[in-house]
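# Descriptive structure summary
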Amino acid sequence: MPNGESSYRRYLTGDDNGIVEIVREYKDGLMLYLNSFVRNLTVAEELCEDAFVKLAVRKPPFRENSSFKTFLYTIGRNTAIDYLRKNHGNVIAIEELSDTLNDDRESLEQSYIREENKIAVHRAMGTLKSEYRQVLWLTYFEELSNKETAAVMKRAFTTSKH
């Protein structure tokens, strides 16, 4: 798996292959994450493209206090929020998501059960508030840490002390 940070740094120094690697590595996950906002896969795909255009054209500075994935997903989240503000949130779901992760070490049965669980979680997520849906998406499907999820969502990260 290519390192998004190093690909982005290469892109900033003039290597266009860097942005190609970033799009190839992150587009599917980012698009599905954006779908959790707009609940329309076609619109999510357009927003994903917009986020990559912002990354390529504006070339925002990457700060090393978070992962590159967190940085990119924050750009995507802001793009989705801007879209929803302009369109008053009148976006309806037209497609179901299916996230297929195959691991050669897992048996077919284990893989099937895992996918069924993800589908069930995704369906249940549809009934949640957008903010809760985002948290679950980032932590469960994208496997971001709680701290990274908080950074994407622009929330303070705190740990409870008992």
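Residues numbered from 1 in each chain as written. Predicted model: local features only at pLDDT ≥ 70, side-chain atom pairs only at ≥ 80, totals over all residues. Heavy atoms only, no water.

## A look at the pattern of salt bridges
To be explicit about the condition: Whenever a carboxyl oxygen of Asp or Glu lies within 4 Å of a side-chain nitrogen of Lys or Arg, that contact is scored as a salt bridge.
Within the structure shown, the criterion is met by 7 salt bridges. As a salt-bridge pair, Asp-15 and Arg-10 come within 2.9 Å of each other at their nearest N and O atoms. Overlapping salt bridges, with partners in common, bring together Glu-5, Arg-9 and Glu-64 in one network.

## What to know about the packing of aromatic side chains
This is how the line gets drawn: A pair of Phe, Tyr and Trp rings is counted when the ring centres sit within 6.5 Å of each other, with Trp represented by its six-membered ring. The angle between the planes then sorts it: under 30 degrees is stacked, over 60 is edge-to-face, the rest tilted. A run of H or I in DSSP counts as a helix once it spans at least four residues, and a run of E counts as a strand once it spans at least two, with each numbered from the N terminus. Accessible area is worked out with a 1.4 Å probe on protein chains only. A residue is then buried under 20% of its type maximum, exposed over 50%, and partly exposed in between.
Applying the stated criterion to the full structure yields 8 aromatic pairs. On the numbers, 5.6 Å between centres and 50° between planes, the contact of Tyr-26 with Phe-68 is tilted. Of this pair, Tyr-26 sits in helix α2 (residues 17–38) while Phe-68 sits in helix α4 (residues 68–87), placing them 42 residues apart in sequence. Accessibility assignment for this pair places Tyr-26 and Phe-68 in one class, buried. Here Tyr-33 and Tyr-73 contribute two aromatic rings whose centre-to-centre distance is 5.4 Å and whose plane-to-plane angle is 25°, an arrangement assigned as stacked. Of the two residues, Tyr-33 is situated in helix α2 and Tyr-73 in helix α4; the sequence distance between them amounts to 40 residues. With relative accessibility at 1%, the residue Tyr-73 sits in the buried group.

## Regarding a nonpolar patch on the surface
Filter applied, for reference: Exposure above 30% relative accessible area and no salt bridge define the residues that can form patches, which grow by joining like charges within 9 Å and nonpolar side chains of Val, Leu, Ile, Met, Phe, Trp and Tyr within 5 Å. Residue burial considers only the protein chains on display, and all accessible areas are found by Shrake-Rupley using a 1.4 Å probe.
Together, Leu-128, Tyr-132 and Leu-136 line one region of the surface with nonpolar side chains, adding up to about 250 Å² of accessible area. Residue position: Leu-136 is located in helix α6 (residues 130–141).

## Focus: the nonpolar core
Nonpolar side chains in soluble globular proteins generally cluster together in the buried interior. Keep this limit in mind: Side-chain atoms within 4.5 Å are what join buried Ala, Val, Leu, Ile, Met, Phe, Trp, Tyr and Cys residues into a set we call a nonpolar core. Here, two residues are considered to be in contact whenever any of their heavy atoms come within 4.5 Å of each other.
Core analysis: the largest hydrophobic core is formed by 37 residues, its most contacted members being Ile-22, Leu-30, Tyr-33, Leu-34, Leu-55, Phe-68 and Leu-72. Elements represented by at least two residues in this core include exactly α1 (4–12), α2, α3 (41–58), α4 and α6. Of all the elements, α2 adds the most residues to this core, at 10 residues. Not counting the four nearest positions on each side in its chain, Leu-72 is found in contact with Ile-22, Tyr-26, Leu-30, Phe-52 and Leu-55.

## Details of a negative patch on the surface
What counts is decided by this rule: When charges are tallied, Lys and Arg are placed among the positive residues and Asp and Glu among the negative ones, while His and the ends of the chain are skipped. Think of each charge as sitting on NZ of Lys, CZ of Arg, CG of Asp or CD of Glu.
Among the surface-exposed residues, Glu-45, Glu-46, Glu-49 and Asp-50 lie close enough to one another that they form a single negatively charged patch. Within the fold, Glu-45 resides in helix α3.

## Looking at the confidence of the model for the protein
Applied cut-off: One number per residue, pLDDT, summarises how confident the predictor is, and it ranges from 0 to 100.
Summarising the model, the protein shows a mean pLDDT of 79, and 80% of its residues fall at 70 or more. The element-level mean pLDDT for the protein is lowest in helix α5 (residues 108–125), coming to 68, with α3 highest at 94. Below a pLDDT of 50 lies the segment residues 89–108, which in the model reaches 34 contacts outside its immediate sequence neighbourhood of four places, other chains included.

## Let's talk about the packing of α1 against α2
How we decide: Here the axes come from fitting lines to C-alpha atoms, over the contacting stretch only for helices, and the angles between their N-to-C directions go from 0 to 180 degrees. Each angle is binned into one of four classes, with values under 35 degrees roughly parallel, values over 145 roughly antiparallel, values of 65 to 115 roughly perpendicular, and all other values oblique. Left-handed is the label given to a crossing in which the near helix is rotated counterclockwise from the far helix by less than a right angle, and right-handed is the label when the rotation is clockwise.
One can describe the packing of α1 onto α2 by two numbers: an axis separation of 7 Å at closest approach and a directional angle of 150°. With respect to α2, the element α1 is oriented roughly antiparallel. The chirality of how α1 crosses α2 is left-handed. From α1, Gly-4, Ser-7, Tyr-8, Arg-10 and Tyr-11 reach across to α2, where they touch Asn-17, Gly-18, Ile-19, Glu-21, Ile-22 and Tyr-26.

## Let's talk about unusual backbone geometry
Positioned with a positive phi, Arg-39 is a non-glycine residue whose angle comes to about 55°. Structurally, Arg-39 is set in the loop between α2 and α3. By relative accessible area, which is 32% here, Arg-39 ends up partly exposed.

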